[in-house]
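The primary structure of each chain is shown beneath.
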Amino acid sequence: RIDPLAHDQAVSLVESFLRFPTADLTPPIMRAAFETRDRFGISYWDAAIIEAARALECEVVLSEDLNDGQDYAGVHVENPFRGL
């Protein structure tokens, strides 16, 4: 960046992310991601995101990379930039 963040700004930014729940990449999530990858023909990493969201009981994932409007067996994807 031309104007790098100051240390205090970076710390504040990271701390602001801590309000969101996270899911560890566990063997059950990895196995589910393998199945989701094969079922929907998406990358393993995208499938891992879907399965981590499912583990956290998220119904919607915001992504500009996955198919907008696609339902991945109960996890719906929305593109936050649609219509911009």
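Nothing here was measured: the structure is a model prediction, and the numbers come from that model.

(A) Molecular detail of unusual backbone geometry. We note that Glu 57 has phi near 60 degrees; this positive angle belongs to a residue other than glycine. By the element assignment, Glu 57 lies in the loop between α3 (44-55) and β1 (60-62). The exposure class assigned to Glu 57 is exposed, which follows from its relative accessible area of 72%. Non-glycine residue Ala 73 carries a positive phi angle of around 50 degrees.

(B) Region of the structure containing the sheet that holds strand β3 (residues 75-78). Ordered by their spatial adjacency, three strands build an open sheet running β1-β3-β2, and the pairing between neighbours is mixed. In this open sheet, the two strands that pair with only one neighbour each are β1 and β2 (71-72). Where β2 lies against β3, two bridges are found, and the strand directions are antiparallel. When the sheet's bridge partners are listed, Asp 71 is paired in β3 with His 76. Docked against the sheet, α3 engages β1, β2 and β3, running at close to 120 degrees with respect to β3.

Criteria and thresholds
- Residues numbered from 1 in each chain as written.
- Predicted model: local features only at pLDDT ≥ 70, side-chain atom pairs only at ≥ 80, totals over all residues.
- Heavy atoms only, no water.
- Helix = DSSP H or I, 4+ residues; strand = E, 2+ residues; numbered from the N terminus.
- Buried < 20%, exposed > 50% of the residue type's maximum accessible area, 1.4 Å probe, protein only.
- Pairing = 2+ DSSP bridges.
- Contact = heavy atoms within 4.5 Å.
- Axes fitted to C-alpha atoms, helices over the stretch in contact; angles between N-to-C directions.

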